[in-house]
Amino acid sequence: MTITGGCHCGACRYTLALGALPKAYACHCRTCQTWSGSAFSEQVLVMESAIAVTGPVVDYVFQSPSGSQSHQRMCGVCHVRLYNTNTMRAGIAVVRAGSLDRSDELDVPLHIWVKRKQPWVRLPEGAESYEEAAPPEAIVRLFSR
Ligand SMILES: [Zn+2]
Ligand SMILES: [Zn+2]
């Protein structure tokens, strides 16, 4: 099975070589609010090797304060961000979950940086949440859910 997604204008399309729709997490940090222009970001973690993209993808690189390089892949036409990678976590890609064709079916069991969440956002009952970044075991759990 492949999972598909793409940008707003349709110039960029991607497939994820996965057996099922991955579980998503929401990040409520200020940076994600700025990046998304919204209340939080919704993302899925996949191996970068599982992504195949077609179209005019642009790589916006910036140096993070910790010294690693973040590569933000976006459509060169409509500038929608599709996924990003970081030299600190080689081989792992963070896909913008709203760009998935089946985003309406996503399950979001994990919320991070909730100390920065907008006050009107209510987390679902039973959601796993962290004031700041999630510990590694929470990420492992996300993969296995
Ligand atoms: Zn586009
Ligand atoms: Zn964030």
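Every value quoted in this text rests on a predicted model; they were computed, and no experiment measured them.

**Regarding the confidence of the model for the protein chain**
- In this model, the protein chain carries an average pLDDT of 94, and 99% of its residues clear a pLDDT of 70 or more.
- Highest mean pLDDT in the protein chain belongs to strand β1 (residues 3-6) (98); lowest belongs to helix α2 (residues 136-144) (86).

**Brief notes about the sheet that holds strand β6 (residues 57-63)**
- On the basis of which strands lie adjacent, the open sheet formed by eight strands has the order β6-β7-β8-β9-β4-β3-β10-β11 and mixed pairing. The strands lining the two open edges of the sheet, one partner per strand, are β6 and β11 (128-129).
- Where β6 meets strand β7 (residues 69-75), seven bridges bridge the pair, whose relative direction is antiparallel. Its bridge partner lying in β7, Val57 is registered against Cys75.
- Where α2 meets the sheet, its contacts fall on β3 (25-27), β4 (41-47), β10 (110-112) and β11, and the angle it forms with β10 comes to roughly 150 degrees.

**Overview of the coordination of the zinc ion (ligand 2)**
- Taken together, the protein donors to the zinc ion (ligand 2) comprise Cys27 (SG), Cys29 (SG) and Cys32 (SG), at separations of 2.1 to 2.3 Å.
- Along the chain, the residues donating to the zinc ion (ligand 2) fall in the pattern C-x1-C-x2-C.

**What to know about the coordination of the zinc ion (ligand 1)**
- Only Cys7 (SG), Cys9 (SG), Cys75 (SG) and Cys78 (SG) from the protein coordinate the zinc ion (ligand 1), and they sit 2.3 Å from it.
- Considered as a linear motif, the donors of the zinc ion (ligand 1) on their single chain read C-x1-C-x65-C-x2-C.
- The buried category is assigned to Cys75, whose relative accessible area is 0%.
- In this structure Cys78 comes out as partly exposed when scored by relative accessible area, which is 25%.

Parameters at a glance
Residues numbered from 1 in each chain as written. Chains lettered and ligands numbered in written order. Predicted model: local features only at pLDDT ≥ 70, side-chain atom pairs only at ≥ 80, totals over all residues. Heavy atoms only, no water. pLDDT = per-residue confidence, 0-100. Helix = DSSP H or I, 4+ residues; strand = E, 2+ residues; numbered from the N terminus. Pairing = 2+ DSSP bridges. Contact = heavy atoms within 4.5 Å. Axes fitted to C-alpha atoms, helices over the stretch in contact; angles between N-to-C directions. Donors = N, O, S within 2.8 Å, 3.2 Å for Na, K, Ca; no water. Buried < 20%, exposed > 50% of the residue type's maximum accessible area, 1.4 Å probe, protein only.

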